[in-house]
Amino acid sequence: MLGLKLPTDPRWVNIVEMNIDEILTDHAYCEQKAASTAISLIVTFPEYPELINEMIALSREEMGHFKMVHERILARGKTLGKYRKDEYAIALQKFFPKGGSRTTQLVHRLLYAALIEARSCERFRLLSEQLKDKELAEFYRSLMESEAGHYTLFLNFARKYGDRKEVDAKWNALLEYEATIMKDLGTRETIHG
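Residues numbered from 1 in each chain as written. Predicted model: local features only at pLDDT ≥ 70, side-chain atom pairs only at ≥ 80, totals over all residues. Heavy atoms only, no water.

**Some thoughts on the packing of aromatic side chains**
Throughout the structure, instances matching the rule amount to ten aromatic pairs. With centroids separated by 4.5 Å and ring planes inclined at 55°, the aromatic side chains of Tyr48 and Tyr161 adopt a geometry described as tilted. Pair noted here: Tyr48 is in the loop between helix H2 (20-44) and helix H3 (49-75) and Tyr161 is in helix H6 (residues 134-161), with a separation of 113 residues, a long-range link. Each of the two residues, Tyr48 as well as Tyr161, counts as buried. Judged by centre distance (6.1 Å) and plane angle (35°), the rings of Tyr151 and Trp171 are tilted. Here Trp171 lies in helix H7 (residues 164-182) and Tyr151 lies in helix H6, a separation of 20 residues in the sequence. As far as burial versus exposure is concerned, Tyr151 and Trp171 are alike and both buried. Among the aromatic side chains, those forming a connected cluster through ring pairs are Phe45, Tyr48, Phe157 and Tyr161. Between the NZ or CZ atom of Arg123 and the centre of the ring of Trp12, over which it lies, the distance is 4.3 Å. (Phe/Tyr/Trp six-rings, centres within 6.5 Å; stacked < 30°, edge-to-face > 60°. Helix = DSSP H or I, 4+ residues; strand = E, 2+ residues; numbered from the N terminus. Buried < 20%, exposed > 50% of the residue type's maximum accessible area, 1.4 Å probe, protein only. Lys NZ or Arg CZ within 6 Å of the ring centre and 35° of its normal.)

As structure tokens, then:
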């Protein structure tokens, strides 16, 4: 369903199991960045009222997810760790050339967001199926379903605002590129890395 060309190595869950606190901190910041992306789309593309309405709802939902992850961190007797860059997202966003029309820029940002959500969904599925901590596994199952909805939301908007054939070609090319990035990831205690 997600179209990912290279699945995450299931051994990544072993890294997570040994570094739950680090994963939770990284995850919290991922949720914060997702909310920030939604807000950025509102600020940058105010001429799309349907997109604006969905991004308002999405930013609220993502901050709700941030709160849930933060509560789990606190429940473990920890505090939110330092902010860290998402090397996966940074590498991914180098694929499309900068510039172009406003519509092109919007489509590219929507495709990046769709792919980040798709990869998060895939990772959360692994966590929901393989984590030994059953409460945390169930938490990731609920988030997995949410991420799948976000992935389709972004992809559908890209297809709505851009030429469908061109958007689908870009999406497939981005999926291929993402697979090359993933070959070097999956060995760190981060959601995407």
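**Thoughts on the side chain of Thr8**
Note that Thr8 resides in the segment before helix H1 (12-18). Thr8 sits in the buried class, given a relative accessible area of 7%. There is a polar contact of 2.6 Å between the side chain of Thr8 and the side chain of Glu122. Among the polar contacts made by the side chain of Thr8, one reaches the side chain of Arg123 at a distance of 2.7 Å. Contact partners of Thr8, with chain neighbours within four places excluded, come to Arg119, Glu122, Arg123, Leu126 and Met182. (Polar contact = N/O pair within 3.5 Å; in protein donor to acceptor, adjacent residues only side chain to side chain. Contact = heavy atoms within 4.5 Å.)

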